[in-house]
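# Secondary and tertiary structure notes
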2 protein chains.
Amino acid sequence: MQGGSWNWYVLSVVTPSTGEAAPSLVAAQAGLHARVLDELGTAICSGQLAPGSVLYIDDLADQCAVSRSVVREVLRVLASMGLVDTRRRVGTQIRPASDWNVFDPQVIRWRLASADRIVQLRSLTELRTAVEPQAAALAAERATPDEASDLVGLAAKMWAAGKAGNEAEFLRLDIEFHRQVLLSSGNEMFVKLQELVAEVLTGRHHYALMPHYPDEHALQHHADVAQAIQRHDGERARDAMVHIMEQAMNEMRSIWERTGVPGRD
Amino acid sequence: MQGGSWNWYVLSVVTPSTGEAAPSLVAAQAGLHARVLDELGTAICSGQLAPGSVLYIDDLADQCAVSRSVVREVLRVLASMGLVDTRRRVGTQIRPASDWNVFDPQVIRWRLASADRIVQLRSLTELRTAVEPQAAALAAERATPDEASDLVGLAAKMWAAGKAGNEAEFLRLDIEFHRQVLLSSGNEMFVKLQELVAEVLTGRHHYALMPHYPDEHALQHHADVAQAIQRHDGERARDAMVHIMEQAMNEMRSIWERTGVPGRD
DNA sequence: CTCCTTGCATACGTCAGATTTATTGCTATA
DNA sequence: TATAGCAATAAATCTGACGTATGCAAGGAG
């Protein structure tokens, strides 16, 4: 009805049958709002809906087989994420990627599920590389004795899991260790960042991008960080964490150099 | 109607007349959605609506004098920011601050307008301290010749503005300089972070929290960063930026040590 | 007395229709 | 050519209705 509309077929439930690409992480009975939100968010972050494209509420309602209320609520959420911009008399326009709230967990999930996966991975890893050493230094100043003890304990368990070759357990402990460091830093934003990183780590596992194999040096560095924090030695904690980050960065680099073009699995 | 309801008066348009605290940054003719969103977001981030409190759509519609549609759309946005959680048969519950998307620009604005102002300022400054040196190092690898030249030019203009005592111009150039460094780092998340920092810097100005007075050393460090980036010397760029951040951190520290209790202006 | 099942009241979820309003692009006029 | 007025359009808002999951409590079985 609204003018020439726009070729919608890209949004149908095709999920190009490339296999594991999009098993639609949103359960079927999750409610219409969540379903439509996920559909549109995925379509936008994957680039299927190019920036500048215009959507119309009534069309979307028809094509998604939901009422306008649902569509409107979805668009309001997408607008708050910077993904779209809706204006009177114009419609709802897709905004360029540079406007997106790339710190929104939801946006990160959508991008991890898209061809941008590698870019997202790289950005977050670089951010992590910058933040975690600083967090370790702050934790050395602010961690309570209990927190410090927990960290030492976690490092010990990581060592055990690494020796035993228990990969799943090691991954869990690894995430927990870094979460604890960021928690002890006393900076709420660092903590939230950890949630994003955890998203990536589990996502990395889900997309089978990188098996995590612990080595001797990494284990030692984790123990060093914990010990330095317990002894309030900020500099040593920072340096040890820098080493951990360097290794993580090297592992990541091997990923995005190996997978030449995006879109590959 | 819905049970004992909840004492709503805290949300009225009181804006306690303490003066400049809340001139309601949202224009009156900004639309009902924006108005209600701002009201509720402010009330939640300020703590007037304590975590665990329960709101009801119909009550909100009455008290804000808008239709349920508007309230529902607002709540959906607040839910996507992690500020509330709405469940059937229960109502809409305020979530604890640890669940908030503290990277959402809107949330940051609300928190800057609240008593949490100092906490927000500190968190972002610490984050900035962690990120910008890394960004400078990356920029030294990735900046195009044009970008590097621009940076050198900006540093020169900052020097001129600093000498001339042109404070407003200096602030503008300062923000632009750091934005350019983060842009040249080639990391989209770093760039977004800069937008948050700019939010803080202008907010800081708006709340008269800190006059920015440039000194000789700071000017030299900015010039060093620019030059190091142009010469692809990542280590020197990182070190110079660390010095800038140390100074920024010291200035901030003087703020949140001076203003003992929050709530002071 | 405890535990589990069952039924009910409740507040959100979804829908459809109507009306208002802001904005854009066109057109006619100075 | 520039500007002011006009008409078309799609979002913004309101309203009333019905569906539906769910927390809670009453009641029965062990």
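See the structure printed just above.
Not measured: the values here are computed from a predicted model. Within every chain, residues take consecutive numbers counted from 1 along the sequence as written. Note on labels: chains are lettered from A, ligands numbered from 1, in written order. Only residues with pLDDT of 70 or above have their local features reported here, since the model is predicted, and side-chain atom pairs are shown and tallied only from 80 upward, although totals for entire chains, interfaces and linings are computed over all residues. The side-chain numbers reported here are obtained from all heavy atoms of the structure, hydrogens and water having been left aside.

### Concerning the packing of aromatic side chains
- Any two of the Phe, Tyr and Trp rings considered here, Trp counted by its six-membered ring, make a pair once their centres fall within 6.5 Å; the pair's planes then place it as stacked at under 30 degrees, edge-to-face at over 60, or tilted in between. Counted by the stated rule, this structure contains one aromatic pair over all chains.
- Measuring from centroid to centroid gives 4.6 Å for Phe103 of chain A and Phe103 of chain B, while their planes differ by 5°, and the two rings are stacked. Of this pair, Phe103 of chain A sits in the loop between strand S3 (91-94) and helix H4 (105-112) while Phe103 of chain B is found in the loop between strand S3 (91-94) and helix H4 (105-112), placing the two residues in two different chains. The pair Phe103 of chain A / Phe103 of chain B is uniform in exposure class, with both members buried. Only DSSP runs of H or I reaching four residues or more are called helices, and only runs of E reaching two or more are called strands; each is numbered from the N terminus. A 1.4 Å probe rolled over the protein chains alone gives each residue an accessible area, and that area as a share of the maximum for its type sets the label: buried under 20%, exposed over 50%, partly exposed in between.

### Here's the deal with the pairing of strand S2 (residues 84-87) of chain A
- Where S2 of chain A lies against S3 of chain A, four bridges are found, and the strand directions are antiparallel. In the strand pairing of S3 of chain A, Arg87 of chain A is matched with Gly91 of chain A. In this analysis, strands are considered paired if DSSP registers two or more bridges between them.

### Re the protein's contact with DNA strand D
- For each residue, the test is whether any non-hydrogen atom lies within 4 Å of the molecule or strand; if one does, the residue is near. Residues in contact with DNA strand D amount to 24 residues; listed here are only the nearest, Arg72 and Arg89 of chain A together with Leu32, Ser67 and Arg68 of chain B.
- Among the atoms of DNA strand D close to the protein, meaning within 4 Å, 70% are from sugar or phosphate groups.
- Between DNA strand D and the protein, one listed contact pairs a base nitrogen with a side-chain N or O atom of Arg88 of chain B at 3.2 Å.
- In protein, a polar contact means a hydrogen-donor-capable atom and an acceptor-capable atom, both N or O and within 3.5 Å, with residues adjacent in sequence counting only if both atoms are side-chain atoms; elsewhere, any N or O pair within 3.5 Å suffices. Here Arg89 of chain B contributes a side-chain N or O atom positioned 3.3 Å from a base nitrogen of DNA strand D.
- If one sorts the elements of the surface near DNA strand D by residue count, helix H3 (residues 68-80) of chain B sits on top with three residues.

### A word on the sheet that holds strand S1 (residues 54-55) of chain A
- What the three strands build is an open sheet, ordered S1-S3-S2 (chain A); its pairing is antiparallel. Single-partner strands in this sheet number two, and they are S1 and S2 of chain A.

### A few points about the relation of the copies chain A and chain B
- Rotating chain A by 180° about the axis while translating it 0.0 Å along that axis superimposes it on chain B, leaving an RMSD of 0.0 Å. The transformation relating the two chain copies, once decomposed into turn and shift, fits a two-fold axis.
- Most of the interface of chain A is mirrored in chain B, where 100% of its interface residues are also at the interface. A least-squares superposition brings the copies together, and it is based on the C-alpha atoms of residues with pLDDT no lower than 70 in both. Contact criterion: two residues are considered in contact whenever any of their non-hydrogen atoms come within 4.5 Å of each other.

### Focus: the environment of Val119 of chain B
- Along the chain, Val119 of chain B turns up in helix H5 (residues 117-142).
- Using a relative accessible area of 38% as the deciding quantity, one classes Val119 of chain B as partly exposed.
- A sequence separation of 137 residues divides Val119 of chain B from Trp256 of chain B, and the C-alpha atoms of the two residues are 8.5 Å apart.
- With sequence-adjacent residues up to four places away left out, Val119 of chain B is seen in contact with Glu188 of chain A together with Arg111 of chain B.

### Focus: the interface of chain A and chain B
- Opposite the 37 residues of chain A that make contact, chain B presents 37 residues.
- When two parts are brought into contact, each loses some accessible area as probed by a 1.4 Å sphere; the total of that loss over both is the buried area. Around 3200 Å² of area is buried between chain A and chain B when both sides are counted, 57% of it from carbon and sulfur atoms.
- Whenever a carboxyl oxygen of Asp or Glu lies within 4 Å of a side-chain nitrogen of Lys or Arg, that contact is scored as a salt bridge. On inspection of chain A and its partner chain B, the count reaches eight salt bridges.
- The residue Glu73 of chain A makes a salt bridge to Arg72 of chain B at a minimum N-O spacing of 3.0 Å.
- Secondary structure elements with two or more residues in the side of chain A that touches chain B: helix H3 (68-80), H4, helix H5 (117-142) and helix H8 (188-206) of chain A.
- It is H5 of chain A that contributes the most residues to the side of chain A that touches chain B, 13 residues altogether.
- Put simply, Ala, Val, Leu, Ile, Met, Phe, Trp, Tyr, Cys and Pro go in the nonpolar bin, Asp, Glu, Lys and Arg in the charged bin, and everything else, Gly too, in the polar bin. Of the residues in the side of chain A that touches chain B, the class split is 16 nonpolar, ten polar and eleven charged.

Any functional reading would require information beyond the geometric quantities listed.
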